[in-house]
Amino acid sequence: MSARCWLGGALAAFAMIFAACPVAQAADAPDALTATLCGTSGPLPIRDRAKACVAIQAGGLLYLVDVGPESNKNLMLWRLPLGKVGAVFITHLHSDHVGDLGEFNMQSWVAGRPAPLTVVGPSGTDRLVAGFNEAYATDHGFRHAHHDHGVVKLPIDAGVMVAQVVTLPPAPDAEGVVRKVVWSQNGLTVTAIGVDHFPVVPAFGYRFDYKGRSVVISGDTRKWPSLATAAKGADVLIHEAQNSDMTKTMVGFLGAAGMARQASIMTDTLSYHTTPVEAAEIARDAKVKALVLTHLTQAGLPFFTPQAFTKGMNETGFTNWRLADDGLIITLPVGSEEITYGHR
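So, here's what we can say about the structure. In this text the structure is predicted, and so the values were computed from the model without any measurement. In this convention, every chain numbers its residues from 1, walking through the sequence in written order. pLDDT decides what is reported in this predicted model: residues at 70 or higher carry local features, side-chain atom pairs at 80 or more are listed and counted, and totals for whole chains, interfaces and linings draw on all residues regardless. Side-chain measures were taken over the full set of non-hydrogen atoms in the model, leaving aside hydrogen atoms and water.

**Re the overall build of the protein**
Rule in force here: Under the DSSP-based scheme used, a helix requires at least four consecutive residues in state H or I and a strand at least two consecutive residues in state E, with every element numbered from the N terminus. Here the globule rule is a power law, 2.2 Å times the number of residues to the power 0.38, and the radius of gyration is based on C-alpha atoms. Throughout this description, buried means an accessible area under 20% of the type-specific maximum (1.4 Å probe, protein chains only), exposed means over 50%, and partly exposed covers the range between. Only heavy atoms enter the contact rule, under which two residues are in contact if any of them lie within 4.5 Å. Positive charge is attributed to Lys and Arg, negative charge to Asp and Glu, and no charge count is given to His or to the chain ends. A charge is said to be at NZ when it belongs to Lys, at CZ for Arg, at CG for Asp and at CD for Glu.
A count of helical and extended segments in the protein gives ten helices and 15 strands. Expected size for 344 residues packed as a compact globule is a radius of gyration near 20 Å; at 21 Å, the protein falls within 12% of this value. Each principal axis of the C-alpha atoms in the protein carries an extent, and together these give about 60 × 50 × 35 Å. Taken over 344 residues, the protein has a buried fraction of 49%. Restricting the contact set of the protein to residue pairs at least 6 apart, pairs at least 24 apart contribute 65%. Within the protein, one finds 27 positive and 30 negative side-chain charges whose respective centroids are separated by 2 Å.

**Digging into the sheet that holds strand S8 (residues 188-197)**
So the rule is basically this: For two strands to pair, DSSP has to find at least two bridges joining them. For helices, the fitted line uses only the C-alpha atoms of the stretch in contact; every axis is such a line through C-alpha atoms, and the angle between N-to-C directions lies from 0 to 180 degrees.
Strand order in this open sheet of seven strands is S7-S8-S9-S10-S11-S12-S13, and the pairing throughout is mixed. Pairing within the sheet leaves two strands with one partner each, and these edge strands are strand S7 (179-185) and strand S13 (321-323). Adjacent strand axes in the sheet meet at a mean angle of 20°, parallel and antiparallel pairs treated alike. Summarising the sheet, S7 and S8 pair through six bridges and their orientation is antiparallel. Across the sheet, residue Val181 finds its bridge partner in S8, namely Thr191.

**A closer look at unusual backbone geometry**
Backbone torsion omega between Phe198 and Pro199 reads 10°, so that peptide bond is classified as cis. Mapped onto the elements of the fold, Pro199 is located in the loop between S8 and strand S9 (200-210). The omega torsion across Val201 and Pro202 is -5°, close enough to zero to call that bond cis. Here Pro202 shows up in strand S9. Although it is not a glycine, Asp48 adopts a positive phi angle of roughly 70°. As for its placement among the helices and strands, Asp48 is situated in the loop between strand S1 (32-39) and strand S2 (53-58). With a relative accessible area of 68%, Asp48 lands in the exposed category. In this structure, Asp66 is a non-glycine residue whose phi angle is positive, near 70°. Here Asp66 shows up in the loop between strand S3 (61-65) and helix H2 (71-77).

**Some thoughts on the side chain of His239**
Relative to the assigned elements, His239 resides in strand S11 (residues 236-240). When sequence neighbours within four positions are dropped, the list of residues in contact with His239 reads Ser218, Thr221, Leu227, Thr274, Ala279, Ile282, Leu291, Val292, Leu293 and Thr294.

**Topic: the packing of helix H4 (residues 101-110) against helix H5 (residues 125-147)**
Condition: Angles below 35 degrees are treated as roughly parallel, those above 145 as roughly antiparallel, those between 65 and 115 as roughly perpendicular, and all remaining angles as oblique. Less than a right angle of anticlockwise turn of the near helix away from the far helix marks a crossing as left-handed, whereas a clockwise turn marks it as right-handed. Residues are grouped as follows: Ala, Val, Leu, Ile, Met, Phe, Trp, Tyr, Cys and Pro are nonpolar; Asp, Glu, Lys and Arg are charged; every other residue, Gly included, is polar.
Closest axis-to-axis distance for the H4/H5 pair is 9 Å, and the angle between their directions is 40°. Between H4 and H5, the angle is such that the two are oblique. As H4 runs across H5, the sense of the crossing is right-handed. Contacts between H4 and H5 involve Leu101, Gly102, Glu103, Asn105, Met106, Trp109 and Val110 from the first element and Leu128, Phe132, Asn133, Tyr136, Asp139, His140, Arg143 and His144 from the second. When its residues are assigned to classes, the contact of H4 with H5 shows seven nonpolar, five polar and three charged.

**Here's the deal with the nonpolar core**
For the record, the criterion: Only buried residues count toward a nonpolar core, which is a set of Ala, Val, Leu, Ile, Met, Phe, Trp, Tyr and Cys residues joined through side-chain atoms within 4.5 Å.
One finds Val216, Leu237, Val288, Leu291, Leu293 and Phe309 to be the most contacted residues of the largest nonpolar core, which totals 34 residues. Elements represented by at least two residues in this core include exactly S8, helix H6 (225-230), helix H7 (244-256), helix H8 (260-268), helix H9 (276-286) and strand S12 (290-294). The greatest single-element share of this core, amounting to five residues, is contributed by H9. When residues no more than four places from it in sequence are discounted, the contact partners of Phe309 are Ala241, Gln242, Asn243, Met246, Pro276, Leu293, Leu296, Gln298, Phe304 and Leu323. Val182, Leu188, Ile238 and Leu328 belong to the second largest nonpolar core, which has 33 residues in total.

**Notes on the side chain of His295**
Keep this limit in mind: Polar contacts here mean pairs of N or O atoms no more than 3.5 Å apart (in protein, one a potential hydrogen donor and the other a potential acceptor; neighbouring residues in sequence count only if both atoms are side-chain atoms).
Locating His295 in the fold gives a position in the loop between S12 and helix H10 (306-309). Looking at His295, its side chain comes within polar contact range of the side chain of Asp220, at 3.2 Å. When residues no more than four places from it in sequence are discounted, the contact partners of His295 are Thr40, Ser41, Gly42, Pro43, Ala52, Asp96, His97, Asp220, Glu240, Ala241 and His273.

The following block contains the structure:
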């Protein structure tokens, strides 16, 4: 190997290590509830968009809602503090929402997570966790044998995941919402909310409340009025969106191309997603301050434009909305009503 090749490889390895190191934060940084969109596409491959993932930071800890394929790469490139993860919350068990769970577990363990990773989610989460634990068991053994020495500690028992399976109440509460508090830590309260992604049952949204600030994440769902009730008064609603007209156009193209199988599957998706206009109606009814649309399945299509995708949203009366892209940061400072947006 030439010296140039060796140096190039060494620099690449150094860059990877640097990317995995958390960004230092000032000790006097204002207390806030922060959401980072680390995956904003649906299941179709879209350049520059990972699959579903939202990173929440509050009380000095990191939490994830879903860990879709490619999202872990974003988390590492942006140097989020993986070793300080509190828990992962799964909305439902579609592959585009869980595909990077095993890799995130491994990388957060290597980054210094001192205990097993808790994964909170609907029935089936225990099977999901057991499968990833088994799939990565040999890898973890290798990493422990090679790197557990000196200042580096990689205890095998800290590298596994443990499932916290959530069973929601069998009936709605007095406000017509099926929900349950599933997490409380360092001032943060997380509530699981039943939504409708049939035949994917159960499916959850989540509400994060921290010192008077709040973010609600819809998960995948058709328009579900009780979600508006559960999101009542929240600062930000992060809601999935799929434009039905664009879906129908795509179905037509697929059918004309003789791709009946793909056309049938795409037609099926019309029954269990929310349109941008419907998401705006939910935000209006919930009286949230801001709406952010994510899970943008159609963002990579050649006929996609933001204007066509969001047509009719303003006519609902709710106009404080935006489309998410990977790296969008939403910051809600404690003791304020301010909402700021940035980008990683």
